[in-house]
Amino acid sequence: MVLAAKVEELAAPMEASVHTEISLQDVSVSYPAEKQQRKTVLSGVNLEIEAGEFVVLLGETGCGKSTLLRLILGQEFATEGKICVDGKSVTRIDARCGYVPQKYSLFPDRSALDNVMYGPLNAHRKFAGWFRPSRYRYRKQLRTEAKEYLTRMGLRPGDMKKYPHQLSGGMQQRVAIAQCLMMRPPVLLMDEAFSALDPSTRASLQQLVKQIWSDWRPTVVFVTHNTPEALLLGTRLILLTRHTDQETPHSNVALDMKLPVSDELLSARKQSKEFRELVEYVERFTCPGPELVTQSPHGQDFV
Amino acid sequence: MATGALHPGRLIDVQARPRQLSVQALSWMLFIVCIGFYLHVSATRHRENSEDRVVPSGAQLLHGIKASVLEPAEEDDALEDGASTWQRIHHSMLWKDTASSSRRFFISLALLVPAILLGLHMAVFPYIGAVCLRFVLFFDKIVALSLLPILFIVFGIDEWSKIMLMVIGVAPTLILDTYQMAQAVPREQVVKAFTLKSSNFDVAYRVVLKQILPQVINSVRLNLKPMVLFLFAGEMIAATDGLAYRIAIMRRHMGMDIIIPYLLWVAILLYGVDALLRYANRRLHPWF
């Protein structure tokens, strides 16, 4: 457990950041439940996320990962506490954050290309009327740019004119990422964006996202319940667990650690012994059961 | 057993895959059966009474169609003998009645556009929904035909009472239908649109309305018949022209040779409007 020891060191309090992109101060979320009681989802969450970090939110189903993401997005409001993105309080959904959900990420009535152009055209429309010549010039220029983005995402020219229902799940998510990137948001929020995909598509998209992050360095908050995926992608891992043993069951941050950023290819990294040890280490926090099963009955590694 | 000649057992075979030609042929089968049955009943009645008017024969029907299409209504002046066929058609009973009923129908259809927009706004803007939803739900339960006397008092017995009957009869259904469709648009799409710098109206019109428009058109298609039903109710009670007015008049004279062609004409017109909307939907929304 050499690596795990290293990780524990890294899990020490973070250094004072140069620029805090996202901050959550004493955030609690609760919903009205039966018999005039309230169900607490999150309680007293404090987080500071620096600009350019790739934060992975990990935890079992129902622990509040997606709620935390929706709070940052402005889709939900905290019962207590304060959330800031880029120094400003979050009061509504706006273009500070790009968003890639698990499904329904594209507008079904627009082709892949039109989906990608939707955001920039909206932004341009604010200062150029519908029928001004500048709008047509801009549109042409934007089309070229959108095609470049989609090509980089691995779409063939023939696929760009297709509607979302004509594309595979992986292709749809590629277009959704391109749609966000065209807007160049400072923060990119991904809510289990790859969980509905098959393993090979998932692996290729993981590589793609990691590559985009390396090139462009947005602040990414990536929600997943898949430990290997979290460890492969993130530079920082935040693990949420639900405390059911307490009087008011709630979720909170159980583990907040920086992850070693390796230059190795993701696939090579995934097969290393150190990586398996790290998965085992993190899963101890996720599943605090008596025995952590990491091998199948035939002796093959689950990882 | 999946392909090949038609076997009676295949009628209840879920996995049957009829050929295109068979589908086409089968789709006309019930029409042929109905026509055959009608001609049989008509022939039987005419054997008993050659002057029977309840089930007119083919010749009587042809005479009725000719009278409807080429001759003016009883209340109108007769045309000169030298009038061309086009002039005859243009001044015919059927043309006059079709034009009157169509005018009322299409004005009502246009007046239903605000109803669709209200349903959309109720779903997209929570405060508008809060104000209107309960009222529309209640208003939907009022039987529109019971409002007819009130409409006659308020709008008189002219055009507007009939038009408003159609609008009031169909609007609540269309509002609630649009509301439900707009509500069913995944929340992710709305959130995504806001992250892509959309304004509130962008979300309402360029995201939600654009997505639900094919379903709204389908809803209008399904409401065509109720609309005509209200139109006929109004025309049968108080009108001086219109398809339903003519049917009501002909009922007094037992003019089945006119009534049956008129009924078929109304069905053909409605089928045409429905086909047009279906075609427009397919062309305008290839993604649907």
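A quick note: this is a predicted structure, and the numbers were derived from the prediction, not measured.

**Student:** Help me understand the overall build of chain B, please; the structure alone is not making it clear to me.
**Tutor:** Counting secondary structure elements, chain B contains 14 helices and zero strands. Reading chain B from its N terminus to its C terminus gives the helix and strand order α-α-α-α-α-α-α-α-α-α-α-α-α-α. A globule of 288 residues ought to have a C-alpha radius of gyration of about 19 Å, yet chain B, at 24 Å, is considerably larger. Considering only C-alpha atoms, chain B reaches an extent of 75 × 65 × 40 Å along its principal axes. A total of 288 residues make up chain B; the buried ones form 42% of that total. If you take every contact in chain B between residues at least 6 apart in sequence, the share linking residues at least 24 apart comes to 65%. When the accessible surface of chain B is split by element, carbon and sulfur atoms take 68% of a total near 17100 Å². A distance of 13 Å separates the average location of the 27 positive side-chain charges in chain B from that of its 22 negative side-chain charges.

**Student:** Can you walk me through helix H10 (residues 187–195) of chain B in this structure?
**Tutor:** Working note: α-helix, 3.6 residues per turn, so residues spaced by three or four point in the same direction. Residue and element names in this part refer to chain B. Along H10, seven of the nine residues are buried, which leaves the element largely enclosed by surrounding structure. Buried within H10 are the following residues: Gln189, Val190, Val191, Lys192, Ala193, Phe194 and Thr195. Downstream of H10 by one or two residues, lysine 197 has phi in the positive range, about 65°.

**Student:** Mind showing me how you'd approach unusual backbone geometry here?
**Tutor:** Residue and element names in this part refer to chain A. Of note, aspartate 26 is a non-glycine position whose phi angle comes to about 50°, a positive value. Along the chain, the position of aspartate 26 falls in strand S1 (residues 20–32). Judged by its relative accessible area of 48%, aspartate 26 falls in the partly exposed class. With a phi angle near 45°, arginine 184 is a residue other than glycine that sits in the positive phi range. Mapped onto the secondary structure, arginine 184 falls in the loop between helix H6 (169–181) and strand S7 (187–191). Overall, arginine 184 belongs to the exposed group, its relative accessible area being 51%.

**Student:** What should I look at first to understand the domain arrangement of chain A in this one?
**Tutor:** It is common to report an interface's size as the accessible area lost on association of the parts. Residues and elements named next belong to chain A. The domains assigned to chain A are domain 1 (13–96 + 186–303) and domain 2 (106–184). Taken together, the contact between domain 1 and domain 2 spans 14 residues of the former and ten residues of the latter. Taken together, the two surfaces of domain 1 and domain 2 that pack against each other cover about 1100 Å², and 72% of this comes from carbon and sulfur. The three residues of domain 1 that bury the most area against domain 2 are Leu208, Ile212 and Trp216, which together make up 42% of that side's buried surface. Viewed at the interface, domain 2 and domain 1 are joined by one salt bridge. Linking arginine 152 and aspartate 215 is a salt bridge whose minimum nitrogen-to-oxygen distance equals 2.6 Å. Looking at the side of domain 1 that touches domain 2, the elements with two or more residues in it are S7 and helix H7 (199–216). Considering only residue class, the side of domain 1 that touches domain 2 consists of eleven nonpolar, two polar and one charged.

Reading guide: rules and limits
Residues numbered from 1 in each chain as written. Chains lettered and ligands numbered in written order. Predicted model: local features only at pLDDT ≥ 70, side-chain atom pairs only at ≥ 80, totals over all residues. Heavy atoms only, no water. Helix = DSSP H or I, 4+ residues; strand = E, 2+ residues; numbered from the N terminus. Rg over C-alpha atoms; globule rule 2.2 N^0.38 Å. Buried < 20%, exposed > 50% of the residue type's maximum accessible area, 1.4 Å probe, protein only. Contact = heavy atoms within 4.5 Å. Areas by Shrake-Rupley, 256 points an atom, 1.4 Å probe, with all protein chains shown as cover. Lys, Arg positive; Asp, Glu negative; His and termini not counted. Charge placed at Lys NZ, Arg CZ, Asp CG, Glu CD. Domains from an automatic or database assignment. Buried area = accessible area lost by both parts, 1.4 Å probe. Salt bridge = Lys/Arg side-chain N within 4 Å of Asp/Glu carboxyl O. Nonpolar A, V, L, I, M, F, W, Y, C, P; charged D, E, K, R; others polar.

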